[in-house]
Amino acid sequence: MTPLRRNLPALVVFACGLVFFLIGIARGEADTVLTKAINLCLECIGVG
Amino acid sequence: MLGKVFSSAGKRLRLWVQVCFTALTNGYAAGFFKGKIYTGSTKAICVPGLNCYSCPGALGSCPIGSLQAVLGSRNYKFSFYILGFLMMVGAVFGRFVCGWLCPFGLVQDLLHKIPFPKKLRKLPGDRWLRWLKVVLLALFVILLPLFVVDIIGQGDPWFCKYVCPSGTLTAGLPLVATNPALQAAVGWLFAWKGLILAVVVLLSIVVYRPFCRYLCPLGVIYGLFNPIAFYRLRVDEEKCTSCGACQRACKLDIPVWRKPNSMECIRCGDCRRACPHGAICSTFSCPSKEKEK
């Protein structure tokens, strides 16, 4: 079995992941993550 | 003798990688003194391990926290961004992330070095307890943030809010300790999360990585990729005598000789170092002719 064929599942998953990731950025999900992450998450620290 | 030197060097390398990666991704040291969190744009990007974005030093975001943030927002009911990130990291590393790059994994590793009269291989009911993390992923990370929403359609990050001891340790404790306003606001929720943290800390001394085994939803996701990731383990069937030395060396009690790519394996490398026949190697170091079990 060639290395390419042996790693084909990983390659397909990685490629799909990359497409999903880029779709997510285009949809503005990264901004949602940023907004959540730069504000103190009271739930995370056990206060809110 | 030489084998012992290499074995010790391998273990130390992992510890150094864990320490350096944790320091690198939590490098905003001023945050710990000021009692504030970093607010730069790098926080739009996730780090691979469980690393609370409200940790004062955090430069990136926790993938589990981010997933709940997106699912719980009123604009999205599916997260391409986080799922894509997890697929890319999972496809390359699988649970190698847990063993080498996760800050809370490092904390548990260090706690397990504390001497204790009777260390346990696993907790009673281990087989069933392992399913707890799957339930937490399905319920607390996905379903509850998605469907239990307030009047404007926003859901809570249930896992972060009610379970995550990593957030309590790396964000809750340092922020509450340095911020008087937060000290005035702590209540039963902080006590509950403190209790979970205390149980995990105490268990970590007795059992190896109890949080990763029984509670971590991120480990469930990366575990799914273990059998297909670029980084996998291989057992050379010609060299393997099924002696079980790998399983005895594995702190997670995985029969590596039968299941080298078990979803529970965090790729610590102890089995490779313990194999007396050198039968276990990774896809990055093996000759390609060796068969994968």
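The present account deals with the structure reproduced in this document. Since we're looking at a predicted model, the values are computed, not measured.

Our focus in this paragraph is helix H14 (residues 217-225) of chain B. Burial of H14(B) is extensive: eight of the nine residues sit out of reach of the surface. Within the sequence span of H14(B), burial applies to B:Pro217, B:Leu218, B:Gly219, B:Val220, B:Ile221, B:Tyr222, B:Gly223 and B:Phe225. The inward-facing, buried residues of H14(B) contact helix H2 (8-26) of chain A together with helix H3 (63-71), helix H4 (80-93), helix H5 (96-100), helix H8 (132-147) and helix H9 (158-162) of chain B.

A few words now on the interface of chain B and chain A. Taken together, the contact pairs 51 residues of chain B with 35 residues of chain A. Note on chain B versus chain A: buried area summed over both sides is about 3600 Å², and carbon and sulfur give 74% of it. Sorting the residues of chain B by area buried against chain A places B:Phe80, B:Tyr81 and B:Met88 first, and these three jointly supply 20% of that buried surface. For the pair chain B and chain A, the interface holds zero salt bridges.

All names here are of chain B. One pass over the structure, following the stated rule, counts eleven aromatic pairs over all chains. Measuring from centroid to centroid gives 5.1 Å for Phe96 and Trp100, while their planes differ by 10°, and the two rings are stacked. With Phe96 and Trp100 both in helix H5, this residue pair falls four residues apart, about one helical turn. According to the relative accessible area criterion, Phe96 is buried, its value standing at 15%. Among the residues examined, Trp100 registers a relative accessible area of 12% and is labelled buried. Where Phe104 meets Phe211, the ring centres are 5.1 Å apart and the plane angle is 90°; that geometry is what we call edge-to-face. Remark: Phe211 occurs in helix H13 (residues 210-214) and Phe104 occurs in helix H6 (residues 103-112); sequence separation between them is 107 residues. Of the two residues, Phe104 and Phe211, both sit in the buried class. Among the aromatic residues, those joined into a cluster by ring pairs are Phe93, Phe96, Trp100, Tyr231 and Phe284.

Residue and element names in this part refer to chain B. Contact geometry for helix H10 (residues 165-178) and helix H12 (residues 188-206): axes closest at 9 Å, N-to-C directions at 120°. It follows from the interaxial angle that H10 and H12 lie oblique. Here H10 and H12 pass one another in a crossing that is left-handed. Taken together, the residues of H12 that come into contact with H10 (itself represented by Pro165, Thr168, Leu169, Gly172, Leu173 and Val176) are Phe190, Lys193, Gly194, Ile196, Leu197 and Val200. Tallied by class, residues from the contact of H10 with H12 come to eight nonpolar, three polar and one charged.

Parameters and conventions
- Residues numbered from 1 in each chain as written.
- Chains lettered and ligands numbered in written order.
- Predicted model: local features only at pLDDT ≥ 70, side-chain atom pairs only at ≥ 80, totals over all residues.
- Heavy atoms only, no water.
- Buried < 20%, exposed > 50% of the residue type's maximum accessible area, 1.4 Å probe, protein only.
- Helix = DSSP H or I, 4+ residues; strand = E, 2+ residues; numbered from the N terminus.
- Contact = heavy atoms within 4.5 Å.
- Buried area = accessible area lost by both parts, 1.4 Å probe.
- Salt bridge = Lys/Arg side-chain N within 4 Å of Asp/Glu carboxyl O.
- Phe/Tyr/Trp six-rings, centres within 6.5 Å; stacked < 30°, edge-to-face > 60°.
- Axes fitted to C-alpha atoms, helices over the stretch in contact; angles between N-to-C directions.
- Parallel < 35°, antiparallel > 145°, perpendicular 65-115°, else oblique.
- Left-handed = near helix turned anticlockwise from the far one by under 90°.
- Nonpolar A, V, L, I, M, F, W, Y, C, P; charged D, E, K, R; others polar.

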